[in-house]
Amino acid sequence: MTIAETMIIEATAPTRIDLAGGTIDIWPLYLFHPGAMTVNFAISLRARCRIEARDDARVIIESRDRAARIETSLDRLDHLVAEPQLELASKLVHLFRPRTGFHLTTESESPPGAGLGASSSLAIACIGALNRFVGQRYREDQFIQIAANVETTVIRVPAGVQDYYAALYGGASCLHFRPDGTKRERLELEASALEERLLLCYTGEPHVSGTNNWEIFKTHIDGDAKLFDLFEGIRDSAQQMRRALLANDWEEVRATMRAYYPKRKQLAPNITTPHMDRLVEVALAHGAEAAKVCGAGGGGCIAFLCASGCRERVAQALEEAGAEILSWKFADQGLTVREL
């Protein structure tokens, strides 16, 4: 067997919690709001991609989360561009077009539709693994553009970019959106403070991010004045969040989250569900100080800022109300790729 035929590659990428500036990261919305930015940080719920080379021309793509599997061959890779199952992985394989058979397996530690950017993390992990498998065809700084372009063809609406930065670089980030491009500012934060103060719960209701974001996108492009003003407020909240985090000012973090939450809910009628509203009420009644719907909302996860010493009490109350508390750690490391 050749070296390529014995190759095993594993890649992982973190998901993220977004703190402020969601949806404004979709091109070209941020161009209408000078100073637009998004603040997020990577967490330890990772997406994984494993590629095992084969000594034949078979191509197997498998998702452990979805218990789905497709098989084809190297001479039929063109068909993957329209493969209805496992679209993201299939389209990425079609793009990279390896020259030897392989078995690609994906899985994610994030619940389905959690609003933590898991599909984007999976895209970055798959790109990292496939790029290594085909001999480093692309530079790492090209991964985000590739991921956004391919995922857009999967969800069939414009994709925001914040998730890819968390997945690729890890850590805490402030993304500055400018006419000459997006600049990532690494925020030096105290990870233990984030882990102590923020509680992450999964509502049990999966969301579809493209649906909410597309309706908001269209309304903004159509020139809705009220929505424009809401985006101005979202930009301002992101700027305030950045300043508060850098100053380690948790009173200001709390105030910013509280002010941001109603603005976010006004973007679309289904940003929250009745179940989510009930969970927020329960958490606030048991020591939570503020809430942040993760991602595009409509289900998925909610992050709660908890008062000192109240985290466990809030967690217990949320579990009793039907939510799942997710265990996570701050992830300083982004994409990892290794050969076994």
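Check the entry above for the structure.
The structure displayed is predicted, hence computed values, not measured ones.

Conventions and cut-offs
Residues numbered from 1 in each chain as written. Predicted model: local features only at pLDDT ≥ 70, side-chain atom pairs only at ≥ 80, totals over all residues. Heavy atoms only, no water. Helix = DSSP H or I, 4+ residues; strand = E, 2+ residues; numbered from the N terminus. Buried < 20%, exposed > 50% of the residue type's maximum accessible area, 1.4 Å probe, protein only. Contact = heavy atoms within 4.5 Å. Areas by Shrake-Rupley, 256 points an atom, 1.4 Å probe, with all protein chains shown as cover. Lys, Arg positive; Asp, Glu negative; His and termini not counted. Charge placed at Lys NZ, Arg CZ, Asp CG, Glu CD. Core = buried A, V, L, I, M, F, W, Y, C linked by side-chain atoms within 4.5 Å. Polar contact = N/O pair within 3.5 Å; in protein donor to acceptor, adjacent residues only side chain to side chain. Patch = residues over 30% accessible without salt bridge, like charges linked within 9 Å, V, L, I, M, F, W, Y side chains within 5 Å. Salt bridge = Lys/Arg side-chain N within 4 Å of Asp/Glu carboxyl O. Axes fitted to C-alpha atoms, helices over the stretch in contact; angles between N-to-C directions. Parallel < 35°, antiparallel > 145°, perpendicular 65-115°, else oblique. Left-handed = near helix turned anticlockwise from the far one by under 90°. Nonpolar A, V, L, I, M, F, W, Y, C, P; charged D, E, K, R; others polar.

Asks: Would you mind showing me how to read the overall build of the protein chain here?
Replies: When you go through the protein chain residue by residue, the secondary structure sums to 10 helices and 12 strands. Judged by the C-alpha coordinates and their principal axes, the protein chain covers about 60 × 45 × 35 Å. Residues counted as buried form 56% of the 340 residues belonging to the protein chain. Contacts in the protein chain between residues far apart in sequence, at least 24 positions, make up 75% of those at least 6 positions apart. Here the protein chain displays about 14,500 Å² of accessible surface, and carbon together with sulfur accounts for 48% of that area. Side chains of the protein chain give 38 positive and 45 negative charges; the mean places of these two sets differ by 2 Å.

Asks: I'm lost on the nonpolar core in this one. Help?
Replies: Soluble globular proteins tend to pack their nonpolar side chains together in the buried interior. One finds I51, I61, L92, V93, L104, I124 and Y164 to be the most contacted residues of the largest nonpolar core, which totals 62 residues. The element that contributes the greatest number of residues to this core is helix α2 (residues 118–133), accounting for nine residues. Filtering out sequence-adjacent residues up to four positions away, V93 remains in contact with I61, L77, L80, P98, F102, L104 and L130.

Asks: So what exactly am I meant to see when it comes to helix α1 (residues 87–96) here?
Replies: Owing to its 3.6 residues per turn, the α-helix brings residues three or four apart onto one side. In terms of burial, α1 is a largely internal element, eight of the 10 residues being buried. Buried residues of α1: E87, L88, A89, S90, K91, L92, V93 and F96, and no others. On its buried face, α1 sits against β3 (58–63), β4 (68–73), β5 (102–108), α2 and α3 (143–155). Just past α1, the residue R97 takes up positive phi, approximately 45 degrees.

Asks: In this structure, what is going on with the environment of D25? I would like to understand it.
Replies: With respect to the secondary-structure elements, D25 resides in the loop between β1 (8–20) and β2 (37–53). The exposure class of D25 is buried, given its relative accessible area of 5%. As a C-alpha pair, D25 and E62 span 37 residues in sequence and 31 Å in three-dimensional space. Filtering out sequence-adjacent residues up to four positions away, D25 remains in contact with Y30, T38, G160, V161, Q162 and F177.

Asks: How should I be thinking about the side chain of R16 in this particular structure?
Replies: Within the element layout of this structure, R16 appears in strand β1. On the accessibility criterion, R16 (4% relative accessible area) is buried. Within the structure, R16 has its side chain in polar contact with the backbone oxygen of G115 (distance 2.8 Å). One polar contact links R16 to D163, side chain to side chain, over a distance of 2.8 Å. Contact partners of R16, with chain neighbours within four places excluded, come to N40, F41, A42, I43, G115, L116, G117, Q162, D163, A166 and G295.

Asks: So what exactly am I meant to see when it comes to a nonpolar patch on the surface here?
Replies: On the surface, W27, L31, F32, I221 and F228 cluster together to form a nonpolar patch covering roughly 500 Å² of accessible area. Inspection of the secondary structure assignment puts F228 in helix α7 (residues 225–246).

Asks: Help me out: how do you make sense of the side chain of S237 in this one?
Replies: Tracing the backbone shows S237 in helix α7. Within the local environment of S237, its side chain forms a polar contact with the side chain of K263, the two groups lying 3.4 Å apart. With residues near it in sequence (within four places) discarded, S237 still touches A20, T256, Y260 and K263.

Asks: What is the right way to read the packing of α7 against helix α8 (residues 250–266) from this model?
Replies: The packing of two helices is summarised by the inter-axis angle and the distance between the axes. Running from N to C, α7 and α8 cross one another at 160 degrees; their axes reach a closest spacing of 9 Å. Classed by the angle they form, the pair α7 and α8 counts as roughly antiparallel. Of the two elements, α7 crosses α8, and the hand of that crossing is left-handed. Between α7 and α8, the contacting residues are K226, L230, G233, I234, S237, Q240, M241, A244 and L245 on the first element and E252, V253, T256, M257, Y260, K263 and Q266 on the second. Across the contact of α7 with α8, the residue classes tally to eight nonpolar, five polar and three charged.

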